[in-house]
Amino acid sequence: MNKNTITKIIYIKFGELVLKGKNRCQFSALLLRNIKKALFDFKKLIFIYKYDAILIKNIPNQSFAEIFDIVKMIPGIRLVIEANIIPRNQTKLCSFLLKNLPKKLFFTFKVKTKRIDKKYPLNSLEFDRNIGDFVLKKFSHAKVDVHQPQILINIEINDKYFIVYFNKQKGLGGFPLGINGRVLVLISGGIDSPVASHLLMKRGFHVDFLTFISPPHTTKKSLSKTIDLIKKITLSKRIEQKPILYICNFTPLQHEIAHISNHSYQITIMRRYFFRIGQYLAKLYKYSAIATGENLGQVASQTIESIITISDVIKDTIVLRPLLTYDKEEIIAIAKKIGSFEISILPYPDACSGFVPTNPVTKPKITVAKKLEKEMIMIKPIYEKTIKSIIKKEI
Ligand code: ATP
Ligand code: MG
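Note that the coordinates shown come from a computational prediction; the quantities given were computed from them, not determined experimentally.

Draft legend 1. View of the overall build of the protein. For the protein, the count of helices and strands is 13 helices and 15 strands. The C-alpha radius of gyration computed for the protein amounts to 27 Å, which surpasses the reference 21 Å derived for 395 residues by more than 25%, pointing to a less compact arrangement than a globule. Projecting the C-alpha coordinates of the protein onto the three principal axes gives extents of approximately 85 × 40 × 35 Å. Across the 395 residues of the protein, 53% fall into the buried class. Sequence-distant contacts in the protein: of pairs separated by 6 or more residues, those separated by 24 or more amount to 80%. Entry remark: accessible area of the protein is about 20,000 Å², with carbon and sulfur atoms responsible for 55%.

Below, the structure is given as structure tokens:
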């Protein structure tokens, strides 16, 4: 950077991870690595690591907005700020403000200085006052409001430069991806499971996926919809460790389940097999947990009795259900924010959706489910064949 120029930067402040005491170094190193991976396509960026923040410099003008949007979706970041580095010279700072504050409109403002370099001759209050006086003098339509200013002029005094910014934007928050291990999410083409995956990533889990397809009842389009959803929510192009999708052809099991004597239990038993297969993969590939987009009370298969009966088949794998207590509107709002909603509502049949009995049982019992499963004398070899033919695909 030329010493005299003003440089536009992205200023990133960490989230909860600063609270994590001793682990902080490990967390912030992982976050920095994730940010670099996410911005891998932009070759000339310079990353500067500070105690609780990261600066990105050398950003090409034409890519600024794109880079800003990517950073906003990286888990573990509390604030993403468009800021300026200004040489440490009050005249330069004032001319920057002259250029960048609204020329004609009325506005209220407050100056908030943070003196990082304690050797700077003015303390923060004196500096606030100096700059405030300057703004009042030059902008006759400006007024100070210390409680709810329309423009908060943030100034950080560093040893060689000022960092100045007006607008803060919230980052995604949460923890850096990967800090909490790996989870296998059961993903459909619906609205819920992509949102559940997003929330898990936000909490720092690396997520891989398992989807059940049932050709010819579902077409290639259903599967490519699920793949598009995964791409959307994982920023997959930009992350080195690509997410894996396990694709399981459920049709043979589905046909067998269709023969049980009590049809109202079809979904319950189908879902018991979903979980068995999820558990099988979780153990085989050492996932810490499996996860679903299940939500209490939305559909017949999601009553507490149903969840108990379905979970009965997995005794030693934990199931995470991040959406359990969410309202549908809350889920849709997140789906819209992360861009999965538009894909989820495309009208391709979901795997196994052609399989819904007219009267699904709402309070299934474990004993009944077990008895019905015993009726399916061919199920064991079919199950064995099904798990052997699972396809593993990098997205
Ligand atoms: P979603 O919107 O995620 O499909 P939903 O509200 O439609 O959820 P269900 O269809 O009962 O509810 O599914 C509950 C959960 O079971 C899903 O969130 C997902 O985790 C899992 N699931 C359902 N169908 C499939 C499938 N075809 N492949 C993989 N997982 C599935
Ligand atoms: Mg569904």
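Draft legend 2. Highlighting the pattern of salt bridges. One pass over the structure, following the stated rule, counts 13 salt bridges. A salt bridge links Asp 69 to Lys 72; the shortest N-O distance between them is 3.9 Å. Residue Asp 69 and its partner Lys 72 are both found in helix 2 (residues 64–72); the two are separated by 3 residues, about one turn of the helix. Across the salt bridge formed by Arg 88 and Asp 117, the nearest N and O atoms sit 2.6 Å from each other. Remark: Asp 117 occurs in the loop between strand 5 (107–115) and helix 4 (124–138) and Arg 88 occurs in the loop between strand 4 (77–87) and helix 3 (90–100); sequence separation between them is 29 residues.

Draft legend 3. Expanded view of the domain arrangement of the protein. Here the protein is partitioned into domain 1 (7–172) and domain 2 (182–394). Here the C-alpha centre of domain 2 lies 43 Å away from the C-alpha centre of domain 1. For the domain 1 and domain 2 pair, buried surface summed over both sides reaches about 860 Å², with 63% attributable to carbon and sulfur atoms. Looking at the side of domain 1 facing domain 2, the largest losses of area belong to Lys 37, Met 73 and Leu 172, adding up to 55% of the total buried there. Our enumeration of links across domain 1 and domain 2 arrives at 0 salt bridges. Here domain 1 is connected to domain 2 by 1 residue pair in polar contact (both at pLDDT 80 or more). Residue classes in the side of domain 1 that touches domain 2 are distributed as 5 nonpolar, no polar and 2 charged.

Calculation notes
Residues numbered from 1 in each chain as written. Chains lettered and ligands numbered in written order. Predicted model: local features only at pLDDT ≥ 70, side-chain atom pairs only at ≥ 80, totals over all residues. Heavy atoms only, no water. Helix = DSSP H or I, 4+ residues; strand = E, 2+ residues; numbered from the N terminus. Rg over C-alpha atoms; globule rule 2.2 N^0.38 Å. Buried < 20%, exposed > 50% of the residue type's maximum accessible area, 1.4 Å probe, protein only. Contact = heavy atoms within 4.5 Å. Areas by Shrake-Rupley, 256 points an atom, 1.4 Å probe, with all protein chains shown as cover. Salt bridge = Lys/Arg side-chain N within 4 Å of Asp/Glu carboxyl O. Domains from an automatic or database assignment. Buried area = accessible area lost by both parts, 1.4 Å probe. Polar contact = N/O pair within 3.5 Å; in protein donor to acceptor, adjacent residues only side chain to side chain. Nonpolar A, V, L, I, M, F, W, Y, C, P; charged D, E, K, R; others polar.

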